Amino acid sequence: MRRRDERARLPLRKSLLGRLLTVSALVAFCSVAATAWLAVQTTSGAIRQEQGQNLSTDAEIYNTLLGYAATHPGWEGVDGTVRELAGRSQRRIVLTTQDKRPLFDSSDDSNGTSGASPADPLPPQASAVVDPLSIDTVLVPVTASTGADRVDPRAVGPFLLPAKERTVLRRASTESAECLGAAGIAADIVESPSGRSRVQFVSSETDRSMEMKCLTSYAAGPTPTEKKALHALNQLTDACLKRQGRTGVKLNLDMSWDRGYGSEGTDTGLPAALPTTGAGLTKEQEDAQQRAAEQKAVEEKAALARATKEKAAGDGRLSPAHSSKHDRAIAACVGSARREQLTSYVAAPALLFIDSTDAAAGVPGFDLSPANTARIAGVTALVLALTVGASVIAGARLVRPLHALTGAAQRMRDGMDSAPVPVGSDNEIGRLAAAFNDMAAHRARLEEQRKVMVSDVAHELRTPLSNIRGWLEAAQDGLAEPDPAFVSSLHEEAVQLQHIVNDLQDLGAADAGALRLHLEPVRVDDLLGQVAAAHQGLAETAGVTLAVSAPPGTPRPPLLDADPVRLRQAMSNLVSNAVRHTPSGGRVALRTYVTDSGDKVAVEVADTGSGIPADDVPHVFDRFWRAEKSRNRSTGGSGLGLAIVLKLAEAHGGTASVVSTEGLGSVFTLWLPVTRDETASTGPEAAEKDRGVQGAGETPGQP
């Protein structure tokens with residue numbers, strides 16, 4: 001049975017354990033995947049936000065220090081600015097020279113210029129280089145429009161205007177703005193880092209004629225300070241061009257230059273002054289006068305351009321003023337001249353180190369935003385819903401057959417007939433349902449057998465009791481004399497009643513495991529001879545030949561550890577049953593032999609009687625079972641003999657079996673285990689010795 005159960009063990013993919021593991025793994029996978037996805041999304045967003053905040057803070061720090069360097073000739077006095085930036089950003093800010101000599105450290109309580117080393121080491125790489133003559137357009141994108149020289153527009157140097165010149169320029173710009181406002185053109189006044197005021201239009205869609213009129217009417221040319229600075233810059237630029245073998249240029253105030261047609265120096269980069277309108281002119285006259293002035297200026301420039309082109313054509317090459325390479329060379333010289341001119345007005349380049357302070361390091365990098373909190377709550381709810389849904393589905397599939405089994409068990413407890421539980425798939429619960437159905441069917445059969453047994457016991461007891469009561473009432477009424485025949489009849493009925501009670505007692509003891517056996521070494525062939533001798537008279541009365549057969553050369557069976565009384569009782573039941581069902585002239589043969597494996601002894605009782613129908617063979621060892629249903633005493637006993645035979649054989653560690661063919665006879669066999677010590681003594685020498693003993697012990701009537 002154990003081997004059959006092992007072979008029938010379910011594969012893991014079909015078992016309940018496998019399904020539970022699959023559901024658990026699926027839920028765990030979904031939870032881990034959702035958690036990982038949520039962590040990646042939230043962390044990535046937080047990191048991007050933190051990086052953006054850090055970059056914004058770094059850019060603000062850099063731009064502030066860059067402005068300080070552009071407006072101061074040195075780093076003295078920068079400590080206040082650095083402390084303010086460090087306090088606002090909660091970052092450590094360190095400025096050093098390009099050879100990493102400290103200028104100021106926001107984490108150092110001592111004077112920043114003292115050269116004292118800070119407590120914490122600097123990062124291995126500087127965050128930026130603070131150089132107003134070469135700005136980092138990544139940290140300060142708005143300064144990308146400063147041009148190729150990358151000079152901070154706040155670094156004006158000698159172009160910084162005094163208050164008096166600023167006032168004059170401010171007044172001119174105000175008058176231009178008022179003129180434009182009167183003409184319906186919105187304009188604002190903005191001031192450059194040098195202090196020069198200029199007009200800035202709110203909209204690009206303006207009346208160009210009125211725009212030119214207002215700007216030229218109140219135009220203010222370069223101030224003395226600007227002329228002086230521009231002259232010095234022009235000299236530096238011309239020196240640079242001269243070293244390259246190129247001609248000099250005339251720089252304008254906006255750092256543009258003449259491309260050839262302004263070589264006389266008349267083009268200052270500002271619009272040409274228009275004649276001042278006279279008093280008493282009409283609107284039409286003023287417009288005509290303005291158009292004539294503009295046309296004249298255009299014609300003069302065109303004539304000058306043609307003359308320059310003709311001169312260059314005579315030399316066989318383009319004028320350097322019209323060469324793109326010449327423009328690039330001029331731009332490079334202007335840039336180098338500006339840096340040379342501004343060097344003494346701005347602070348020297350410094351390395352900027354930005355690091356987290358201890359206070360900032362103790363603060364979490366980011367807080368969960370409402371969007372991230374909502375996302376976490378949503379994903380958690382989704383995973384929880386999926387988990388609950390999967391658990392409900394799996395639990396319903398598991399609990400449904402268990403409910404059916406519980407209901408069937410309760411109906412069985414209440415004594416009701418329970419319908420078979422539906423068997424689902426081939427898994428643990430399906431097999432449990434199948435086992436429950438088998439148990440219910442077996443219980444029903446046992447209940448039926450119990451009812452039949454009670455009925456049979458009542459019948460078996462009723463017959464002798466009725467006979468005894470009838471004879472006693474007859475004697476009491478004087479209808480029967482208590483002679484020896486009367487007493488013999490009562491004694492026979494009492495013996496039969498005692499026999500039934502003893503059989504029931506033996507069966508009850510065997511069922512309870514309380515059947516007492518007095519084991520001792522016995523020779524089964526000796527017991528078989530004794531049983532044959534005891535039943536010889538019964539066989540002769542029935543006209544049946546009873547003999548113990550032992551073919552020549554058969555070794556004598558070994559000793560058995562058995563209870564000789566109980567073993568003789570089992571053999572007697574088989575022999576009496578065989579004689580009873582064998583017709584006159586038939587034969588009952590008894591024999592014993594050792595099986596081929598040598599571990600069992602077989603005791604056979606074979607008859608040539610009527611045999612047993614094939615449908616009845618499985619029931620011959622059932623209690624109170626009789627092939628003859630009328631339960632006539634002349635054709636059978638109580639129906640307990642064969643059941644007792646089986647129980648006695650099982651008590652000795654063996655069993656009983658039957659092979660029968662209807663009309664030819666039956667063979668009942670007891671299978672008894674051999675004592676281990678005796679197994680080794682069943683060789684050829686023991687067989688030769690036992691053969692003589694068996695021959696001397698043959699019972700009468702043997703062939």
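Since the structure is predicted, the reported quantities are computational estimates derived from the model, not experimental observations.

## Focus on the overall build of the protein
- Summing up its helical and strand segments, the protein has 18 helices and 13 strands in all.
- Taking all 703 residues of the protein together, the buried fraction comes to 34%.

## With respect to the state of the cysteines
- Tallying each qualifying case throughout the model produces one disulfide.
- Two residues share a disulfide in this structure: Cys240 and Cys333, whose sulfurs sit 2.2 Å from each other. Torsion about the S-S bond of the Cys240 and Cys333 cystine: about -65°, corresponding to left-handed handedness. Within this pair, whereas Cys240 is found in helix H6 (residues 224–243), its partner Cys333 is found in helix H8 (residues 324–342), the two being separated by 93 residues in sequence.

## Examining helix H15 (residues 564–580)
- End to end, H15 covers 24 Å across 17 residues, agreeing with the expected 24 Å (1.5 Å per residue, within 8%).
- Here H15 lies mainly inside the structure; 13 of its 17 residues are buried.
- Of the residues flanking the start of H15, the one acting as N-cap is Asp563, its side-chain oxygen 3.1 Å from the backbone nitrogen of Val565.

## Quick word on the packing of H15 against helix H16 (residues 641–651)
- Two elements in contact, H15 and H16, have axes separated by 9 Å at closest approach and are oriented at 145°. Crossing handedness for the pair H15 and H16: left-handed. Counted together, Arg566, Gln569, Ala570, Asn573, Leu574 and Asn577 of H15 and Gly641, Leu642, Ile644, Val645 and Leu648 of H16 form the full contact between these two elements.
- A class-by-class count of the residues in the contact of H15 with H16 yields six nonpolar, four polar and one charged.

## Section: the pairing of strand E10 (residues 587–594)
- When strand E8 (residues 545–548) meets E10, the two strands line up parallel, connected through four bridges. Across the sheet, residue Ala547 finds its bridge partner in E10, namely Ala589.
- In the sheet, E10 pairs with strand E11 (residues 600–607) via seven bridges, with the strands oriented antiparallel. From the neighbouring strand, Val588 faces E11, where its bridge partner is Asp607.
- The antiparallel pairing of E10 with E11 creates a hairpin that spans five residues between the two strands, and Gly598 there sits at a positive phi of about 80°.

## Some words on the sheet that holds E11
- Here five strands make up an open sheet; going across it, the order is E8-E10-E11-E13-E12 and the pairing mixed. Every other strand in the sheet has two partners, leaving E8 and strand E12 (655–661) as the edge strands with one partner each. If you compare each strand with its neighbour and ignore which way they point, the axes differ by 15° on average.
- As defined by bridge partners, E11 adjoins strand E13 (residues 665–673) across seven bridges and the pair is classed as antiparallel. Along E13, the bridge assignment pairs Ala606 with Val667.
- Where helix H13 (residues 524–534) meets the sheet, it contacts E8, E10 and E11, and its direction lies at approximately 170° from that of E10.
- The strands touched by H16 within the sheet are E12 and E13, with E12 carrying the most contacts at an inclination of about 140°.

## Brief notes about the nonpolar core
- Residues Met571, Val588, Leu590, Phe621 and Leu670 are the most contacted members of the largest nonpolar core, which totals 40 residues.
- Here the element with the most residues in this core is H15; it accounts for seven residues.
- Residues contacting Leu670, with those up to four places away along its chain left out, are Ala570, Met571, Leu574, Val601, Ala602, Val603, Val645, Ala649, Thr655 and Ala656.
- If you look at the next biggest cluster of nonpolar residues, it comprises 23 residues, including Tyr68, Ala86, Ile93 and Ile354.

## Description of the confidence of the model for the protein
- Looking at the protein, the pLDDT average stands at 74 and 72% of residues meet or exceed 70.
- pLDDT under 50 marks residues 110–117. Its contacts with residues more than four places away, or in other chains, come to nine contacts.
- Per-residue pLDDT stays below 50 along residues 679–703; that stretch engages in 26 contacts with residues further than four places along the chain or on separate chains.

## Comments concerning the sheet that holds strand E1 (residues 91–96)
- Ordered by their spatial adjacency, four strands build an open sheet running E2-E1-E6-E3, and the pairing between neighbours is antiparallel. In this open sheet, the two strands that pair with only one neighbour each are strand E2 (102–105) and strand E3 (128–130). Recorded for the sheet is a direction-independent mean angle of 25° between the axes of neighbouring strands.
- Pairing between E3 and strand E6 (residues 350–356): three bridges, direction antiparallel. From the neighbouring strand, Val129 faces E6, where its bridge partner is Leu351.
- Its contacts with the sheet put helix H3 (residues 79–89) on E1 and E2, and the angle it makes with E1 is roughly 155°.

## A few points about H6
- Compared with the 28 Å implied by 1.5 Å per residue over 20 residues, the 29 Å span of H6 between its first and last C-alpha is a close match.
- Taken as a whole, H6 has its buried residues at Glu226, Ala229, Leu230, Leu233, Asn234, Thr237, Cys240 and Leu241. Viewed along the axis of H6, the buried residues span an arc of 140°, placing them on a single side of the element. Along H6, exposed side chains directed more than 90 degrees from the buried face belong to Pro224, Lys227, Lys228, Lys242 and Arg243.
- Taken together, the buried residues of H6 touch H8.

## Some points on unusual backbone geometry
- Its identity as a non-glycine residue notwithstanding, Gln90 has a phi of 55°, on the positive side.
- In the Ramachandran plot, Lys100 falls in the positive-phi region, its phi being about 65° despite a non-glycine side chain.
- Counting through the fold element by element, Lys100 comes out in the loop between E1 and E2.

## A closer look at the environment of Thr545
- The residue Thr545 is located in strand E8 in this model.
- Residue classification places Thr545 among the partly exposed positions, given a relative accessible area of 39%.
- Every residue in contact with Thr545, bar those within four places of it in the chain, is listed here: Gly586, Arg587 and Val588.

## Some remarks on the environment of Leu670
- Mapped onto the fold, Leu670 is located in strand E13.
- C-alpha separation for the pair Leu670 and Leu574, spaced 96 residues apart in sequence, amounts to 9.6 Å.

## Examining the packing of aromatic side chains
- A complete count under the given rule lists two aromatic pairs for this structure.
- Ring plane angle 20° and centroid distance 6.1 Å describe the contact between Tyr68 and Trp75, whose orientation is recorded as stacked.
- For Trp75, a relative accessible area of 10% translates into the label buried.
- The interplanar angle of 80° and the centroid separation of 6.3 Å between the aromatic rings of Phe621 and Phe668 together place this pair among those described as edge-to-face. Placement of Phe621 in the loop between E11 and H16 and of Phe668 in strand E13 is noted, with a sequence separation of 47 residues between them. When sorted by exposure, Phe621 lands in the same class as Phe668, which is buried.

Reading guide: rules and limits
- Residues numbered from 1 in each chain as written.
- Predicted model: local features only at pLDDT ≥ 70, side-chain atom pairs only at ≥ 80, totals over all residues.
- Heavy atoms only, no water.
- Helix = DSSP H or I, 4+ residues; strand = E, 2+ residues; numbered from the N terminus.
- Buried < 20%, exposed > 50% of the residue type's maximum accessible area, 1.4 Å probe, protein only.
- Disulfide = S-S within 2.5 Å.
- Expected span 1.5 Å × (residues − 1).
- Polar contact = N/O pair within 3.5 Å; in protein donor to acceptor, adjacent residues only side chain to side chain.
- Axes fitted to C-alpha atoms, helices over the stretch in contact; angles between N-to-C directions.
- Left-handed = near helix turned anticlockwise from the far one by under 90°.
- Contact = heavy atoms within 4.5 Å.
- Nonpolar A, V, L, I, M, F, W, Y, C, P; charged D, E, K, R; others polar.
- Pairing = 2+ DSSP bridges.
- Core = buried A, V, L, I, M, F, W, Y, C linked by side-chain atoms within 4.5 Å.
- pLDDT = per-residue confidence, 0-100.
- Arc of directions from axis to C-beta.
- Phe/Tyr/Trp six-rings, centres within 6.5 Å; stacked < 30°, edge-to-face > 60°.

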